[in-house]
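Residue-level listing of the chains:
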Amino acid sequence: MDFEWTEEHRMVREMVRKFTDQEVRPLAAEIDRKEEIPADLLRKAAENGLMGIAIPDAYGGSGFGEIGYCIMMEELSHGCASFAITIAAHQSIGCMPILLDGTEEQKQKFLAPMARGEKLGAFALTESEAGSDAGGIRTSAAVDGDAFVINGSKIWITNGGIADIVVLYAATDTAKGPKGGITAFIVPTDTPGFSVGTVEKKMGIRGSNTAELIFENMRIPVSQVLGKVGDGFKNAMGTLDYGRLGLGAAAVGASREMLELSVRHAQERQQFGKPIAEQQIIQFYLAEMGARIYAMESMVYRTAAMADRGEKFSRESAMVKYLCTEWQDWIVDRAMQIHGGMGYMTHMPIERFYRDSRINRIFEGTNEIQHLVIARDLLKKGKY
Ligand code: COS
């Protein structure tokens, strides 16, 4: 349970906080309205080493590990969920599969430019008939000489329409399914046969690109198979352990922003001749928000430290994802209640945070699936 902030962690927090205050928050409303992330903002994030903050410096990253990554996600999420999610999809689930199972050559060729922010990444698992049941994917990869020929499609892929490199999961043996029948591939998006289909309109995180990907006789050389043929599902699940933890960190940041705005508003807003902060019910709301954030923050960094020590953290990351995202929704809702009619208006950021929050209980594994992951692990081990 040991955990201590290092000087480096403090520096990362300071740096990302400044970056969020100066570069991200001022653009958040426009990003939501225009439904895209300015290329210039991604370039600045790369200059600050954010695009590969967790990735070792040997592979083009900043080398701050999972704790550094969670600090970054927390701080960015004070400003703009769309931007934080774009970086998360690139790094936590785009780069991570290659860091986990890539060969040295694949890491230098594909991961390093991604970690430096020269190439944007995405993670392509979900299909129209394979969401929660990710092992049921039907996109097929068939051997043909020194390549695999891939046919099929993916939906709801974050960064799908703007990525340069996609880690794609395809069925190499449908009979085996998740137990040896799925293989991961590194796919540059300029590969012939790759195309982008529908780009989705969404309730929240509107600045984050969500697209359908289509593969028609797309040839991927065997040198771009990631890990062993048939081991792709394990790679995807191991990657999602990181993604789910990062979503917990993002929930902490967004929740803190909501609490801080609510504290300020409660002290300024006068009703019945006094600030609403003097009403006990408002104090209860603020106290409950603060207590939940403390618990969320504690579980996020305890789990990030486990990841950095190389321990298995699948159950813990499912717990983090489930509780932090449920509580984020609760906290955003309370912030809206404290702000009243003002919070509902689009000139305040509360309604954007409210819309942006909701997806977190759904993507990277619904919270119902997180329950399943937690329960299976408890039952398997027979103890806490
Ligand atoms: N790390 C490494 N390997 C893992 C793993 C993990 N976290 N979780 C499962 N595996 C392995 C298992 O060990 C198993 O291999 P063995 O049979 O050799 O032991 C294999 O993967 C299949 O696992 P399992 O039997 O649990 O597969 P299921 O089909 O039952 O699916 C769930 C498991 C439901 C948990 C999985 O499909 C899931 O997470 N679904 C949600 C998908 C998701 O998050 N989608 C979001 C996409 S990104 S927005």
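Everything below is about the structure printed above this text.
Residues numbered from 1 in each chain as written. Predicted model: local features only at pLDDT ≥ 70, side-chain atom pairs only at ≥ 80, totals over all residues. Heavy atoms only, no water.

Trainee: Any details on empty space enclosed by the protein? Residues and values, ideally.
Mentor: One pass over the structure, following the stated rule, counts one cavity of 30 Å³ or more. Taken as a whole, the largest cavity spans an internal volume of roughly 130 Å³. In terms of lining residues, the largest cavity is bounded by 19 residues, among which Ser77, Ala81, Ala254, Gln328 and Asn360 are the most central. For the lining of the largest cavity, the secondary-structure elements that each account for two or more residues are helix 5 (81-101), helix 7 (232-268) and helix 11 (350-357). Split by residue class, the lining of the largest cavity holds twelve nonpolar, five polar and two charged. (1 Å grid on protein atoms, 1.4 Å probe; cavity = no way out; pocket = protein on both sides within 12 Å on 5 of 7 lines; lining within 4 Å. Points joined across faces, edges and corners; volume = space filled by probe spheres on them. Helix = DSSP H or I, 4+ residues; strand = E, 2+ residues; numbered from the N terminus. Nonpolar A, V, L, I, M, F, W, Y, C, P; charged D, E, K, R; others polar.)

Trainee: How would you sum up the site of the ligand? Please name residues and give values.
Mentor: Close contacts around the ligand come from 21 residues, with Ser132, Lys179, Arg244, Gly365 and Arg376 the closest. Contact distances for the ligand include 3.0 Å between an oxygen atom and a backbone N or O atom of Gly365. In isolation the ligand offers 1000 Å² of accessible surface; the protein chains occlude 73% of this area. Elements supplying a minimum of two residues to the shell around the ligand: helix 7 and helix 12 (367-381). When residues of the shell around the ligand are assigned to their parent elements, the largest contribution, seven residues, is made by helix 7. When its residues are assigned to classes, the shell around the ligand shows eight nonpolar, six polar and seven charged. (Near = heavy atom within 4 Å. Polar contact = N/O pair within 3.5 Å; in protein donor to acceptor, adjacent residues only side chain to side chain. Areas by Shrake-Rupley, 256 points an atom, 1.4 Å probe, with all protein chains shown as cover.)

Trainee: How would you summarise helix 8 (residues 280-308) if you had to cite specific residues and measurements?
Mentor: For helix 8, which comprises 29 residues, the first-to-last C-alpha distance of 42 Å matches the rise-based estimate of 42 Å (1.5 Å per residue) to within 8%. Note on helix 8: the residue one or two positions beyond its end, Gly310, has a positive phi of about 80 degrees. (Expected span 1.5 Å × (residues − 1).)

Trainee: Account for the environment of Met218, with residues named and values stated.
Mentor: Its location among the elements puts Met218 in strand 7 (residues 210-221). For Met218 and Thr346, which are 128 residues apart along the polypeptide, the C-alpha to C-alpha distance reads 44 Å.

Trainee: Lay out the pairing of strand 3 (residues 147-158) with the relevant residues and their values.
Mentor: Looking at chain direction, strand 2 (residues 140-144) and strand 3 are connected through five bridges and run antiparallel. By the bridge assignment for strand 3, Ala142 is matched with Val149. Connecting strand 2 to the antiparallel partner strand 3 that follows it, the hairpin turn spans two residues, and Gly145 within it adopts a positive phi of roughly 65 degrees. In this structure, strand 3 lies alongside strand 7, joined through nine bridges in antiparallel fashion. In the sheet register, Ile157 faces strand 7, and the bridge partner there is Ala211. (Pairing = 2+ DSSP bridges.)

Trainee: Any chance you could break down the pattern of salt bridges for me, citing the residues and the numbers?
Mentor: Counted according to the given criterion, the structure contains 27 salt bridges. With a closest N to O distance of 3.5 Å, Arg361 and Glu326 form a salt bridge. Linking Arg361 in the loop between helix 11 and helix 12 with Glu326 in helix 9 (residues 314-339), this pair joins segments that are 35 residues apart in sequence. Exposure remark for Arg361: the relative accessible area of 25% places this residue in the partly exposed category. We classify Glu326 as partly exposed; its relative accessible area is 26%. Bridged by salt links that share partners, the residues Arg13, Arg17, Glu74, Glu75, Arg256 and Glu260 form one connected network. (Salt bridge = Lys/Arg side-chain N within 4 Å of Asp/Glu carboxyl O. Buried < 20%, exposed > 50% of the residue type's maximum accessible area, 1.4 Å probe, protein only.)

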